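In case you want the letters, here they are:
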Protein chains: 2
Amino acid sequence: MGRWEPNSRGRLAKAAVELFAAQGFEQTTGAQIAARAGMHERSFFRLFPDKREVFFYAVETAQREAIEAIADAPEGVAPIDAVAAALEQRCEIIQQHPEAALTRHNLVSANAELAERDLSKHAELADGMAEALGERGTPEPVAKLIAHTAVVVFRVSFDRWIADPKRQNLSAMFRDGLSELASVLGSRGRSA
Amino acid sequence: MGRWEPNSRGRLAKAAVELFAAQGFEQTTGAQIAARAGMHERSFFRLFPDKREVFFYAVETAQREAIEAIADAPEGVAPIDAVAAALEQRCEIIQQHPEAALTRHNLVSANAELAERDLSKHAELADGMAEALGERGTPEPVAKLIAHTAVVVFRVSFDRWIADPKRQNLSAMFRDGLSELASVLGSRGRSA
């Protein structure tokens with residue numbers, strides 16, 4: 001079973017996050033995740049190297065989508081606008097599933113291992129976007145500056161959104177963050 | 001021995017980086033590091049939880065110095081200028097020891113575990129600076145935006161500097177990076 005069913009990785013990832021949320025990350029085994037997804041344990045470890053990786057399947061998907069969005073942006077679009085649009089798209093997906101985002105956030109906050117991997121997955125997301133900009137002709141250091149900064153703004157906005165009990169417009173918070181940062185950087189060197 | 005000598009952690013960190021560079025990270029044991037620093041293995045594990053932590057002793061020191069620099073900045077200095085000055089100070093220290101920086105860079109590039117810890121140590125550096133800004137009255141989300149963005153610019157500038165065989169002025173590269181980012185963010189939304 002499982003072998004011919006589509007989206008095995010997605011099903012495992014969904015089962016994993018449900019189990020992590022219900023019984024904790026440490027307490028959950030690969031065998032339990034596989035069983036919940038209706039698959040063999042062997043299949044689990046064939047599709048994911050470890051428990052941490054299955055948790056970040058969603059970030060991987062987001063990375064692919066963001067890279068695609070940058071590649072598909074019309075020719076005249078500036079690098080910063082292409083990256084901002086790609087991350088706004090991600091904001092909108094998160095906004096549609098606030099419960100899932102909160103579950104993931106709580107798991108990451110409670111586990112140092114997950115928090116560390118979360119950081120490196122977001123750095124990979126930024127590197128992937130920087131490469132996609134590179135393919136559109138943006139020189140590497142600028143592409144990295146733009147992509148990694150946009151991810152910083154995304155993460156700060158996400159924390160702000162999670163802290164807001166109403167979880168209002170994440171996209172708007174992200175855009176406000178970019179504007180705020182632009183104004184801060186623009187005023188550099190003007191203080192006493 | 002060791003017990004009453006000052007700066008045991010610093011001596012262990014120096015011995016560790018020398019051994020990592022000479023024989024590789026994986027091949028080096030806590031006992032070897034302790035022996036090279038003229039200390040007992042027990043002392044090593046009392047002072048550092050693991051091999052990864054001893055490698056990042058220098059980043060910890062940098063974090064303390066950066067936080068101090070922000071706390072000591074005159075009252076009228078804007079948050080972005082306080083953070084930029086703190087990281088420029090770090091740029092200057094690195095510039096004085098380019099060989100040490102290159103050794104560390106090569107070790108981090110060659111080891112996924114170290115690369116992951118390097119990311120989280122730099123995130124801690126940013127969080128520490130954001131807290132120091134908070135104590136000066138900067139609201140949290142803006143403080144985080146500024147500190148994490150400045151660390152992004154610092155890291156991108158460092159990579160640029162490492163890639164330059166002459167390893168010219170890192171401070172200047174960092175300042176240029178901030179200006180470049182300011183101009184990119186300032187032009188947001190003006191493309192097709």
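If you look chain A up in an unreviewed UniProt entry, it shows as TetR family transcriptional regulator from Amycolatopsis echigonensis.

J.: Would you mind showing me how to read the nonpolar core here?
T.: Grouped burial of nonpolar side chains is what soluble globular proteins tend to show. Of all hydrophobic cores here, the largest spans 85 residues; its most connected members are A:L87, A:M129, B:L87 and B:M129. The residues touching A:M129, leaving out its near neighbours within four places in the chain, are A:A66, A:I67, A:I70, A:V83, A:L87, A:A147 and A:V151.

J.: Sorry, what's going on with the UniProt feature "DNA-binding region" (unreviewed entry) in chain A here?
T.: The UniProt record annotates "DNA-binding region" (unreviewed entry) at residues 29-48 of chain A. End C-alpha atoms of residues 29-48 of chain A are separated by 13 Å, and the span's content is 70% helix alongside 0% strand.

J.: Teacher, can you tell me more about the packing of aromatic side chains here?
T.: Pairs of aromatic rings are described using the distance from one ring centre to the other and the angle between the two planes. Taken as a whole and judged by the stated rule, the model has 14 aromatic pairs over all chains. Seen from their ring centres, B:F44 and B:F48 are 6.1 Å apart, and the 40 degrees between their planes marks the pair as tilted. Neither B:F44 nor B:F48 differs from the other in exposure class; each is buried. Site record: aromatic cluster; members linked through ring pairs are A:F20, A:F25, A:F55 and A:F56. For A:R104, the ring lying beneath its charged end belongs to A:F55, and the centroid distance is 4.2 Å.

J.: Sorry, what's going on with the UniProt feature "domain: HTH tetR-type" (unreviewed entry) in chain A here?
T.: In this numbering, the UniProt entry assigns the feature "domain: HTH tetR-type" (unreviewed entry) to residues 6-66 of chain A. Helix makes up 74% of residues 6-66 of chain A and strand 0%. Its end C-alpha atoms lie 23 Å apart.

J.: Quick question: what am I supposed to make of the domain arrangement of chain A here?
T.: Accessible area lost upon the coming together of the parts is a frequently used measure of interface size. Residue and element names in this part refer to chain A. In terms of domains, chain A is made up of domain 1 (8-51) and domain 2 (56-186). Each side of the interface is counted separately: domain 1 has 10 residues, and domain 2 has nine residues. At the boundary of domain 1 with domain 2, total buried surface from both sides reaches about 770 Å², with 66% on carbon and sulfur atoms. The largest share of the area that domain 1 buries against domain 2 comes from R9, V17 and F25, three residues that together contribute 51% of it. At the junction of domain 1 and domain 2, the tally comes to two salt bridges. A salt bridge links R117 to D50, with the shortest nitrogen-to-oxygen separation between them at 3.9 Å. Between domain 1 and domain 2 we count two residue pairs in polar contact (both at pLDDT 80 or more) in total. Classifying every residue of the side of domain 1 that touches domain 2 by side-chain character gives six nonpolar, one polar and three charged.

J.: What should I look at first to understand the pattern of salt bridges in this one?
T.: If charged atoms from side chains of opposite charge come close, those side chains can pair. All names here are of chain B. In this structure the tally under the stated criterion is 27 salt bridges over all chains. The residue R175 makes a salt bridge to E88 at a minimum N-O spacing of 2.6 Å. Here R175, found in helix α10 (residues 170-186), pairs with E88, found in helix α6 (residues 79-96); they are 87 residues apart in sequence, far enough to count as distant. Overall, E88 belongs to the buried group, its relative accessible area being 18%.

J.: Help me out: how do you make sense of the relation of the copies chain A and chain B in this one?
T.: What relates the two chain copies is a rotation about an axis together with a slide along it. Mapping chain A onto chain B calls for a rotation angle of 180 degrees and an axial translation of 0.0 Å; the resulting RMSD is 0.0 Å. Taken together, the turn and the small shift mark the pair as related by a two-fold rotation axis. Comparing contact sets, 100% of the residues at the interface of chain A also lie at the interface in chain B, consistent with an isologous, same-surface contact.

J.: I'm lost on the side chain of B:S171 in this one. Help?
T.: Residues and elements named next belong to chain B. Turning to its location among the elements, S171 is positioned in helix α10. Accessibility expressed as a relative area gives 4% for S171, which makes it buried. Filtering out sequence-adjacent residues up to four positions away, S171 remains in contact with E88, C91 and E92.

J.: Quick question: what am I supposed to make of the interface of chain A and chain B here?
T.: At the junction of the two partners, chain A supplies 38 residues and chain B supplies 38 residues. Taking both partners together, chain A and chain B bury about 3300 Å²; carbon and sulfur atoms supply 69% of that area. Counting the surface chain A buries against chain B, the share from its top three residues, A:E116, A:L145 and A:R188, is 21%. Between the two partners, chain A and chain B, sit four salt bridges. Note that A:R52 is salt-bridged to B:E116, the shortest N-O span being 3.5 Å. Of all the secondary-structure elements, those providing two or more residues to the side of chain A that touches chain B are α6 (79-96), α8 (112-135), α9 (140-163) and α10 (170-186) of chain A. Element by element, the count of residues in the side of chain A that touches chain B is highest for α9(A), at 12 residues. Broken down by class, the residue content of the side of chain A that touches chain B amounts to 18 nonpolar, nine polar and 11 charged.

Rules behind the numbers
- Residues numbered from 1 in each chain as written.
- Chains lettered and ligands numbered in written order.
- Predicted model: local features only at pLDDT ≥ 70, side-chain atom pairs only at ≥ 80, totals over all residues.
- Heavy atoms only, no water.
- Core = buried A, V, L, I, M, F, W, Y, C linked by side-chain atoms within 4.5 Å.
- Buried < 20%, exposed > 50% of the residue type's maximum accessible area, 1.4 Å probe, protein only.
- Contact = heavy atoms within 4.5 Å.
- UniProt positions renumbered as here; feature names shortened; annotations may be inferred.
- Helix = DSSP H or I, 4+ residues; strand = E, 2+ residues; numbered from the N terminus.
- Phe/Tyr/Trp six-rings, centres within 6.5 Å; stacked < 30°, edge-to-face > 60°.
- Lys NZ or Arg CZ within 6 Å of the ring centre and 35° of its normal.
- Domains from an automatic or database assignment.
- Buried area = accessible area lost by both parts, 1.4 Å probe.
- Salt bridge = Lys/Arg side-chain N within 4 Å of Asp/Glu carboxyl O.
- Polar contact = N/O pair within 3.5 Å; in protein donor to acceptor, adjacent residues only side chain to side chain.
- Nonpolar A, V, L, I, M, F, W, Y, C, P; charged D, E, K, R; others polar.
- Least-squares fit on C-alpha atoms with pLDDT ≥ 70 in both.

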